[in-house]
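Spelled out from the first residue to the last, the chains are:
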Amino acid sequence: MTSHTPADTFPRQYARTLRYTVGAPRSFSVAPDGSRVVFLRSRSGSDRANLLWTLDTATGEERIAADPAVLLGGGEEDLSPAERARRERSREGSAGIVGYALDAEGRQAAFALSGRLFTADLLTGDARELPAQGPLLDPRISPDGAHVAYANTAGELRLTRTDGTGDRTLAEPDGPNVTWGQAEFIAQEEIDRDRGFWWSPDGERLLVERADDSPVRRWWIADPANPDREPAEVAYPAAGTPNAEVGLWLVDLQGGRTEVSWDHGAFPYLARVHWSKGGVPLLLVQSRDQRAQRVLGLDVATGGTEVLLEERDEAWLEAFPGVPAWTPDGKLVRISDEGGVRALVVGDQAVTGADLHVRSVVAVTEREVFFSASGGAGETDPEPGWIAVGRISHDGKQLSWESANGRPFTSVTSAVHAGGITVRATAEPDLPGTLVQVARDLPEGVVVDDVATVASYAETPVITARPVFRFAGERRIPSAVFLPTGYDRERDGLLPVLMDPYGGPHGQRVVQAHNPHLNSQWFADQGFAVVVADGRGTPGRGPAWEKSIAFDFAGATLDDQVEALRALAEEFPLDLGRVAIRGWSYGGYLSALAVLRRPDVFHAAVAGAPVAEWALYDTHYTERYLGHPAERPEVYEANSLTGYAAGLERPLMIIHGLADDNVVAAHTLRLSSALLAAGRPHTVLPLSGVTHMTPQEEVAENLLLLQVDFVKRSLGL
């Protein structure tokens, strides 16, 4: 890691380095023969432009495979609105090469820069531009390395040869709102699927998404600070309204098409596509309420599908990363919530038990499945928040763990694996950053760290996070407590409390790592005891924990913040007479809800980009948890912030980016109007030009300082 600029304050450094991710290696791939590792990394912790790198696993030598500054001739990047929107969906804030795709041998890479198409030979280091009709999106090289397919902002799917000839259209829009080869809004924002086309293993055809968002209602997002600009048109599928119509087609290299058939009416969401060498292509499709889903096998000759598995759940079903997939000998690999345990299933056998909570599948080899997991229901874990990568035999009899520090249950590890090489990234609570190691499998299956450590150029934070982890209360709520640096109980006594939650689905905050807790530590250093609690609904504790919030956001998630606060006060110096709460997105909703419903516990709140009216949020997320608004209007009413506006007794600051197209500013405006109508004073801080992502560096410091000032004044400090 590199040193920081001496004049840096934490908020400025935190924003400038994109939470200390700039300069850190990321986006790893391993060549199938294990000869090289491919990854992205910028030149320093102050340079956001990623380069494409390779690491030779025989020598450990790192080499630049593609440099945006060279390829663009030193010019600035020019991103299309479609590319900016795609990066917003994926929360991508870096520059340069932000994604790439490899051929089957891992020798050639394809990537986009400024909407233009480039390829790089990873053996020779030669990179060049190919002819393409841009601005383009998501180029992907064919397995045989002969072609690159790409989508563009005109809605086309196009094909060009890697020898620089033959750029042509494979599929073009047949309507004004039709796109080929692009994941629709819901897939990108909520289903964790950002791809819209998939090559066949032989490179002779592709599976291609066709999306028509004509049925989706249009919203208009204006920039009030610049009234001369036209509002941006956004196709936003709010809860209860139509989604885009999504289909899948088999397209050959001559442009011939065969439509893939399944019951679109009953299963409109295309969640996953998996096409592995020698295996039948797999599709995962979900019902609109996500309480039913099917794994389908695809007949590539006819486009017909066969139901291989159907699952149902009274609450909802999740689409997990890496599954469904095949083992090389034809067993279906999946993650299942059957029996109340989130288990890894190979064929018909669950190979993990109740002591583990499986989160994703990393890789499937001839003998093993690599998977990510946490500690099940946490009943036997001494501390919360560990995430480990395990490797288990197909029969479940042999299990081992990957970790760069040798302590998988006191850290957070992610990994990729191919060709007998594992790249594992391990973060620990007492060390900044992430350690990335490359390890080789020995013939007997033993892993040794005999290859390399991938260098990180990320800056060292100017502060040190000191989380203290606990399971709080009878429910054993995963929690982390932060006290001011240098705090002395005898000298300083009880501390005012700042709850700092996300507290909702898909947002685990309590993790055994250092950098994710820096923001909370900075708030603690302003004179607070900061508490982060992951109550019911947050991931990592088992299906029952997550699904206990079905049809009730406002109850369980808020109750668990209260329980964690009171339980932790028995051990830590928490002044329960001075308690504030802050959060962003779902955390913003939870913070506003806290002062509206529990003013006896919470004495001030800062709510960033809160979802005030769930009917204004998108279909897939909202209907999964609260149902369809036409069928359950009482649920939406009970979980709305505006319905509690008259109960505001405590200071409330609401912050919202006016360019936010995820949680639109209408949420804050409606809440503010309801508060005004009820005669309840409150503060609104609008952020011009800011989206749902972290604001720019020059705003970040003052935004945090304003929150601290508001909380201190509100608590009488």
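Residues numbered from 1 in each chain as written. Predicted model: local features only at pLDDT ≥ 70, side-chain atom pairs only at ≥ 80, totals over all residues. Heavy atoms only, no water.

(A) Just the overall build of the chain, in detail. The secondary structure content of the chain amounts to 13 helices and 44 strands. In summary, the chain has a C-alpha radius of gyration of 25 Å against a globular reference of 27 Å for 717 residues, a match within 12%. By sequence separation, contacts in the chain at least 24 residues apart represent 61% of the contacts at least 6 residues apart. Split by element, the accessible area of the chain, about 27400 Å² in all, is 49% carbon and sulfur. The distance from the centre of the 67 positive side-chain charges to the centre of the 99 negative ones in the chain is 2 Å. (Helix = DSSP H or I, 4+ residues; strand = E, 2+ residues; numbered from the N terminus. Rg over C-alpha atoms; globule rule 2.2 N^0.38 Å. Contact = heavy atoms within 4.5 Å. Areas by Shrake-Rupley, 256 points an atom, 1.4 Å probe, with all protein chains shown as cover. Lys, Arg positive; Asp, Glu negative; His and termini not counted. Charge placed at Lys NZ, Arg CZ, Asp CG, Glu CD.)

(B) Local environment of the environment of aspartate 488. Here aspartate 488 lies in the loop between β38 (477-482) and α5 (489-492). What makes aspartate 488 partly exposed here is its relative accessible area of 33%. Taking the C-alpha atoms as reference, aspartate 488 lies 46 Å from tyrosine 636; in sequence the two are 148 residues apart. In terms of polar contacts, aspartate 488 uses its side chain to reach the backbone amide nitrogen of arginine 491, at 2.8 Å. (Buried < 20%, exposed > 50% of the residue type's maximum accessible area, 1.4 Å probe, protein only. Polar contact = N/O pair within 3.5 Å; in protein donor to acceptor, adjacent residues only side chain to side chain.)

(C) Just the sheet that holds strand β32 (residues 399-402), in detail. The 4 strands lie next to each other as β29-β30-β31-β32, forming an open sheet whose pairing is antiparallel. Across the chains shown, the open sheet's two edge strands, defined by having one partner strand only, are β29 (357-364) and β32. This sheet shows a mean twist of 30° between the axes of neighbouring strands, independent of strand direction. Where strand β30 (residues 368-374) lies against strand β31 (residues 388-393), 6 bridges are found, and the strand directions are antiparallel. From the neighbouring strand, phenylalanine 371 faces β31, where its bridge partner is glycine 390. (Pairing = 2+ DSSP bridges. Axes fitted to C-alpha atoms, helices over the stretch in contact; angles between N-to-C directions.)

(D) Region of the structure containing the environment of alanine 480. Within the secondary structure, alanine 480 is located in strand β38. The exposure class assigned to alanine 480 is buried, which follows from its relative accessible area of 0%. Counting along the chain gives 40 residues from alanine 480 to serine 520, while the straight-line C-alpha distance between them is 9.6 Å. With residues near it in sequence (within four places) discarded, alanine 480 still touches Pro467, Val468, Phe469, Val510, Val530, Val531 and Val532.

(E) Spotlight on the pattern of salt bridges. A full pass over the atoms with the stated rule returns 42 salt bridges. Of the charged contacts, one joins arginine 193 and glutamate 184 as a salt bridge, the two residues approaching to 3.1 Å between their closest N and O atoms. Across the pair, glutamate 184 and arginine 193 agree in class, each one buried. Residue arginine 536 pairs with aspartate 560 through a salt bridge whose shortest N-O separation is 2.9 Å. Of the two residues, arginine 536 sits in the loop between β40 (529-533) and α7 (543-547) while aspartate 560 sits in helix α8 (residues 553-568), which places them 24 residues apart along the sequence. For aspartate 560, a relative accessible area of 0% corresponds to the buried category. Within the structure, one salt-bridge network assembled from shared partners comprises Asp313, Asp337, Arg342, Glu546 and Lys547. (Salt bridge = Lys/Arg side-chain N within 4 Å of Asp/Glu carboxyl O.)

(F) Seen up close, the pairing of strand β44 (residues 683-687). Strand direction decides the pairing type here: strand β43 (residues 652-657) and β44, joined by 5 bridges, are parallel. Bridging across to β44, methionine 653 finds its partner in threonine 683. Remark: the β43/helix α12 (residues 666-677)/β44 crossover connection has right-handed handedness. (Right-handed = clockwise from strand over helix to strand, strands pointing away.)

(G) Broad picture of the pairing of strand β7 (residues 108-113). Sheet topology note: the strand β6 (residues 101-102)/β7 ladder contains 2 bridges and is antiparallel. Bridge pairing in β7 places leucine 102 opposite alanine 109. Where β6 folds back onto β7 in an antiparallel hairpin, the turn is made up of 5 residues, including glycine 106, whose phi is positive at roughly 70°. With 6 bridges connecting them, β7 and strand β8 (residues 116-121) associate as antiparallel partners. In the strand pairing of β8, glutamine 108 is matched with aspartate 121.

(H) Structural view of the sheet that holds β44. Strand order in the open sheet formed by 8 strands is β37-β38-β40-β39-β41-β42-β43-β44, with mixed pairing between adjacent strands. Pairing within the sheet leaves two strands with one partner each, and these edge strands are β37 (468-472) and β44. Taken pair by pair, the neighbouring strands of this sheet meet at an average axis angle of 20°, ignoring direction. Of the pairings in the sheet, the one linking β38 to β40 comprises 4 bridges and is antiparallel in character. Across the sheet, phenylalanine 482 pairs through a bridge with valine 530, a residue of β40. In this fold α8 packs onto β37, β38, β39 (495-499), β40 and β41 (574-584), with an angle of close to 55° to the strand it touches most, β38.

(I) Spotlight on helix α9 (residues 586-597). In this model, α9 (12 residues) spans 16 Å end to end at C-alpha, consistent with the 16 Å of a helix rising 1.5 Å per residue. Counting buried residues in α9 gives 11 out of 12 residues, a clear majority hidden from the surface. All of the buried residues along α9 are Tyr586, Gly587, Gly588, Tyr589, Leu590, Ser591, Ala592, Leu593, Ala594, Val595 and Leu596. As for α9, its buried residues are in contact with α8, β41, β42 (604-608), α10 (619-626), β43 and α12. (Expected span 1.5 Å × (residues − 1).)

(J) Structural view of unusual backbone geometry. Here glycine 134 and proline 135 are connected by a cis peptide whose omega angle stands at -5°. Secondary-structure assignment places proline 135 in the loop between β9 (127-130) and β10 (136-141). Valine 323 connects to proline 324 through a cis peptide bond whose omega is 5°. You can see proline 324 is positioned in the loop between β24 (305-312) and β25 (325-326). Positive phi is not limited to glycine here, since phenylalanine 551 has a value of about 65°. Looking at where phenylalanine 551 falls in the secondary structure, it is placed in the loop between α7 and α8.

(K) Geometry of the nonpolar core. Grouped together as the largest cluster of nonpolar side chains are 74 residues, with contacts concentrated most on Phe553, Phe602, Trp614 and Leu652. Listed in part, the 30 residues of the second largest apolar core include Ala465, Ala580, Ile655 and Val708. (Core = buried A, V, L, I, M, F, W, Y, C linked by side-chain atoms within 4.5 Å.)

(L) Geometry of helix α13 (residues 697-714). Over its 18 residues, α13 runs 26 Å from end to end, which matches the ideal 26 Å to within 8%, given 1.5 Å per residue. All buried positions along α13 are accounted for by Ala700, Glu701, Leu703, Leu704, Gln707, Val708, Phe710 and Val711. A positive backbone phi angle near 75° is found at glycine 716, which sits one or two residues after α13.

(M) Geometry of the packing of α8 against α9. The geometry of α8 relative to α9 is characterised by a closest axis approach of 10 Å and an angle of 80° between their N-to-C directions. By the angle between their axes, α8 is roughly perpendicular relative to α9. When α8 is examined against α9, the residues Phe553, Ala554, Gly555, Thr557, Leu558 and Gln561 are found in contact with a partner set consisting of Tyr586, Tyr589, Leu590, Leu593, Ala594 and Arg597. (Parallel < 35°, antiparallel > 145°, perpendicular 65-115°, else oblique.)

(N) Looking closely at the side chain of threonine 57. Take threonine 57: it is sitting in the loop between β3 (49-56) and β4 (62-66). A polar contact is formed between the side chain of threonine 57 and the backbone oxygen of serine 35, at a distance of 3.0 Å. Apart from the residues lying within four places of it in its own chain, the contact partners of threonine 57 are Gly34, Ser35, Arg36, Val37, Ile421, Val438, Arg440 and Val451.

(O) Region of the structure containing the packing of aromatic side chains. Inspection of the entire model under this criterion finds 29 aromatic pairs. Their ring planes at 50° and their centres at 5.6 Å tell us that phenylalanine 553 and tyrosine 625 sit as a pair that is tilted. Here phenylalanine 553 is found in helix α8, whereas its partner tyrosine 625 is found in helix α10, with 72 residues between them in sequence. Each member of the pair, phenylalanine 553 together with tyrosine 625, is buried. Residues tyrosine 589 and tryptophan 614 carry aromatic rings whose centres are separated by 5.3 Å and whose planes lie at 75° to one another, so their mutual orientation is edge-to-face. With a gap of 25 residues between them, tyrosine 589 in helix α9 and tryptophan 614 in the loop between β42 and α10 connect regions that are remote in the sequence. Residues tyrosine 589 and tryptophan 614 agree in their burial class; the two are buried. Taken together through their ring pairs, the aromatic side chains of Trp316, Tyr502, Phe553, Tyr586, Tyr589, Trp614, Tyr617, Tyr621 and Tyr625 make up a single cluster. Across from the ring centre of tryptophan 53, 4.1 Å away, lies the NZ or CZ of arginine 41, which sits over that ring. Here arginine 632 stacks its cationic end above the ring of phenylalanine 551, 3.7 Å away from the centre of that ring. (Phe/Tyr/Trp six-rings, centres within 6.5 Å; stacked < 30°, edge-to-face > 60°. Lys NZ or Arg CZ within 6 Å of the ring centre and 35° of its normal.)

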